[in-house]
Amino acid sequence: MCGIAGCIGYSDPDRLETSIAKMQNALKHRGPDDQGLYISGDRQAGLAHTRLSILDLSPAGHQPMSTSNGRYWITFNGEIYNFRELRETLITQGETFHSQTDTEVILKLYQKHGSHCVNQLRGMFAFAIWDDQEKTTFLARDPLGIKPLYYWQSGSTLLFASELRTLLASGLPRKTLNPKGLYTYLISGSVSEPDTLIQDIYALPAGHWLHWQAGHITQQHYWQIQFNPQPITPTEAKEQVRQALIDSIKYHFVSDVPVGVFLSGGIDSTSLVALARQTQLGQLRTYSIAFEENPWNEGPIAKRIAQSFETEHTEYILTAKVARQWLNQFIGAIDQPSIDGFNTYCVSKIAREHDTKVALSGLGGDELFGGYSSFQQVPKMVAWGKRLQFLQTLNCGKLLNQWTKNPKLQRISDFLQHPPNSLNAYLSYRGIFTHPETLQILSHFCSHQDPSTLRPTLDIPPCPSPEDEVSFLEINRYMRNQLLRDSDVMSMAWGLEVRVPFCDRVILDTIDTIPHPLRLAQGKQLLIQAIPELPDWVINKPKQGFLFPFDRWLNDPEWDSLFQLTSLPQLSLTPWYRRWSLVILQKWLQNLGISLP
């Protein structure tokens, strides 16, 4: 896991090295073990890298790395879990290697297959390859968007980096707020790709590659999940899921340093520990956060799971006082605002302080196996919305909005004012602020915006059921734009690599044929049945998620000074996450030095 950056086709080659060095400096936290720069002979390309050593800890893994003839240069962030098989195949085809790294495998694959190399890679990745002969650049991002990659283009100049603030550190993009990105943040609690909060900076979407040549950019979508149910018995489905998970966990333990597990006490993280015990020998480290506040405290059950599976367990009791002390550091680590992330920041800090460089997370289990209430509620909302269409002349949505100030009911009224489809129901169900509230807040930050251009869209491929549509939305919105992004940024703030075995292309290509009544059975029944090692006392406890006691903390007078808002529209700030989202946005803007109109 590393930090990457590049500057291609800069119109002022004399300043190239200065700009790329600034970008590299902004990435030091992502790669504390090593760093490198490459400047092409004609000063048309500069690549930067900061390294967190996980595979081949020797100097042979130094980046940017080149082919032996010096034509291709790569800067790479991520892990390719099947690199050893790919390496052996390439050796049988006459290739020779000078390291034991997955980086060199990508280089050889690109040299041999060009853009098609991405179809052979199993893992999480974001990389750039400069062709010093053809003067082209190739960027690619993994199928599920586990690793981030941002870019900015102006004229013939292309900048790219692992983090948005790295692009800003170059001094080239202007710090101008992007209204569309800000809208998606206010309505959902995270910025939806490909937009960012800064005008003209974009996220390369998950499962895409980008090709640059002489200032011209082309993009291609090379992978997307497609639900294609096939006849299968419950027993076959259970065995299919189990084998896919065991296979994924084996690959996710490929490392030259010890691997730990984030243990929250829920079904997903316990599944990882249970299957790791089936596939791994020797010591297994687990980490959890506990609280003094009993309603939120899953420390005891995490400790019991650790004892049951004989892990070397570390529990940290996070008090309100300590959380308050860590909060400013957390805010300084934010790349783009989110209503989530503090939990990952805290558990990553604990894991890294105990000499762990790689940790597995159960992120993705809910999205794949129907673990959220959205799988039941969104289809119901769509069905009711369609039934109420015949009352459209009564403007039910507007009447409800005038009748109530309850944020939840206002989101329902918001939904009733839009076409009754899964996306609109999902946006309202998972929403933070309603559309009218969002426009009201937006007017404080950006003037003269056309509301019709702001609402997010997402092309949902034909799905066999409404439940599959929800799974597609949970994977491509909440998981991708919030959970995975926060997981990357907050773990890398501590120089920790987080791996997500559920977010594996091979798993998705395996389970997308299982019909939704089996795959998305309420309570993640298919996952539970696939892992009989799960204790009953884990399965039967109420679903809680990795929750922090924010609503109690925010009522503490000592927290109040940290959460003061300046001159924003008068809106209800309950539940707690509405206030949290605005405070985090305000502090992020202050840290970047962005002044408001």
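Rules of the game
- Residues numbered from 1 in each chain as written.
- Predicted model: local features only at pLDDT ≥ 70, side-chain atom pairs only at ≥ 80, totals over all residues.
- Heavy atoms only, no water.
- Axes fitted to C-alpha atoms, helices over the stretch in contact; angles between N-to-C directions.
- Helix = DSSP H or I, 4+ residues; strand = E, 2+ residues; numbered from the N terminus.
- Parallel < 35°, antiparallel > 145°, perpendicular 65-115°, else oblique.
- Left-handed = near helix turned anticlockwise from the far one by under 90°.
- Contact = heavy atoms within 4.5 Å.
- Salt bridge = Lys/Arg side-chain N within 4 Å of Asp/Glu carboxyl O.
- Buried < 20%, exposed > 50% of the residue type's maximum accessible area, 1.4 Å probe, protein only.
- Expected span 1.5 Å × (residues − 1).
- Pairing = 2+ DSSP bridges.

A. Summary view of the packing of helix α9 (residues 320–333) against helix α24 (residues 576–592). Interaxial distance between α9 and α24 falls to 9 Å at its minimum, and their mutual angle equals 65°. With respect to α24, the axis of α9 lies roughly perpendicular. Crossing geometry of α9 relative to α24 is assigned as right-handed. Counting all contacts with α9, which are made through L327, F330, I331 and G332, the residues of α24 involved are W580, I584, K587 and N591.

B. Representation of the pattern of salt bridges. In total, this model carries 26 salt bridges according to the counting rule given. One salt bridge in this structure joins K135 and D42, with 2.8 Å as the shortest N-O distance. In this pair, K135 is assigned in the loop between β6 (123–131) and β7 (136–141) and D42 in the loop between β2 (34–39) and β3 (45–51), connecting sequence segments 93 residues apart. Residue K135 is classed as partly exposed on the basis of its relative accessible area of 30%. The partner of R122 in a salt bridge is D504, and the shortest N-O contact between them spans 2.8 Å. Of this pair, R122 sits in the loop between α3 (102–113) and β6 while D504 sits in the loop between β17 (497–499) and α18 (505–511), and the two are 382 residues apart along the sequence.

C. Region of interest: helix α17 (residues 466–492). If you check α17, its first and last C-alpha atoms are 36 Å apart, about what 27 residues at 1.5 Å a residue would give, namely 39 Å. Buried residues dominate α17, accounting for 24 of its 27 residues.

D. Spotlight on the sheet that holds strand β16 (residues 358–360). On the basis of which strands lie adjacent, the open sheet formed by 5 strands has the order β15-β14-β13-β16-β17 and parallel pairing. Each end of this open sheet is capped by a strand with a single partner; those strands are β15 (312–318) and β17. Between one strand axis and the next, the sheet turns by 30° as a mean value, whatever way the strands run. Against the sheet, helix α8 (residues 299–308) engages β14 (285–291) and β15, with an angle of about 175° to β15.

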